[in-house]
Amino acid sequence: MEIESVTCECCGLTEDCTQHYISKVKAKFAGKWLCGLCSEAVSDEVSRSRKKKTTVEEALNSHVSFCGSFSKANPAELVADGMREMLRRRSAGYLSPATSKKFARSNTT
Ligand SMILES: [Zn+2]
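An account of the accompanying structure is given in this report. (Residues numbered from 1 in each chain as written. Predicted model: local features only at pLDDT ≥ 70, side-chain atom pairs only at ≥ 80, totals over all residues. Heavy atoms only, no water.)

**A closer look at the overall build of the protein**
A count of helices and strands for the protein gives five helices and two strands. Along the protein, from the amino end to the carboxyl end, the secondary structure elements read β-β-α-α-α-α-α. Here the protein holds 109 residues, and the buried ones make up 28% of them. Pairs at least 24 residues apart make up 40% of the contacts formed inside the protein by residues separated by at least 6 positions. Of the roughly 7500 Å² of accessible surface on the protein, a fraction of 54% belongs to carbon and sulfur atoms. (Helix = DSSP H or I, 4+ residues; strand = E, 2+ residues; numbered from the N terminus. Buried < 20%, exposed > 50% of the residue type's maximum accessible area, 1.4 Å probe, protein only. Contact = heavy atoms within 4.5 Å. Areas by Shrake-Rupley, 256 points an atom, 1.4 Å probe, with all protein chains shown as cover.)

**Side note on the coordination of the zinc ion**
At 2.3 to 2.4 Å from the zinc ion lie its protein donor atoms, namely Cys8 (SG), Cys11 (SG), Cys35 (SG) and Cys38 (SG). Its four donor atoms give the zinc ion angles of 103 to 114° at the centre, a pattern that matches the tetrahedral case. (Donors = N, O, S within 2.8 Å, 3.2 Å for Na, K, Ca; no water. Tetrahedral: all angles 85-135°; square planar, octahedral: opposite > 155°, others 65-115°.)

**Here's the deal with the state of the cysteines**
Using the criterion set out here, one finds zero disulfides in the structure. Distance from the sulfur of Cys10, which forms no disulfide, to the nearest cysteine sulfur (Cys38) is 4.4 Å. (Disulfide = S-S within 2.5 Å.)

**Focus: the side chain of Ser39**
Note on placement: Ser39 falls in helix H2 (residues 36-48). Within the structure, Ser39 has its side chain in polar contact with the backbone oxygen of Gly36 (distance 2.9 Å). In this structure, Ser39 is in contact with Phe29 and Leu34, ignoring residues within four places of it in sequence. (Polar contact = N/O pair within 3.5 Å; in protein donor to acceptor, adjacent residues only side chain to side chain.)

**A few points about the environment of Val79**
When you line up the elements, Val79 lands in helix H4 (residues 76-92). Residues Val79 and Phe66 lie 13 residues apart in sequence; the distance between their C-alpha atoms is 8.8 Å.

**Comments concerning the pairing of strand E1 (residues 3-7)**
In terms of strand pairing, E1 meets strand E2 (residues 14-18) through five bridges, oriented antiparallel. Along E2, the bridge assignment pairs Ser5 with Asp16. (Pairing = 2+ DSSP bridges.)

**With respect to the nonpolar core**
With 20 residues, the main nonpolar core has Cys8, Trp33, Leu34 and Cys38 as its most contacted residues. Of all the secondary-structure elements, those providing two or more residues to this core are helix H1 (19-28), H2, helix H3 (56-71) and H4. Setting aside residues up to four positions removed in sequence, Cys8 forms contacts with Leu13, Trp33, Leu34, Cys35 and Cys38. (Core = buried A, V, L, I, M, F, W, Y, C linked by side-chain atoms within 4.5 Å.)

Set out below in structure tokens:
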């Protein structure tokens, strides 16, 4: 299998990946390659804002500027820390939609 070195469009992290994997990621993110952490963050952004119909490209752009604001002052390591923190905070919010749904159901019956 062919291994290629690719650079993340968001945080600039370089990874060695198979060409198959690279093309899979690029197909998903509008022709851009993202590292594991960034692709997770962008997918998360898209799935969370489905109601607002955020496209992959919009989520990508906002993530690029998110990374940019970190990397101006900090090395990639801190970008990763910031993203982990963001994902942790977001996943805590996942509970609320289910709770409100349950509440709505008990109101109608
Ligand atoms: Zn990245």
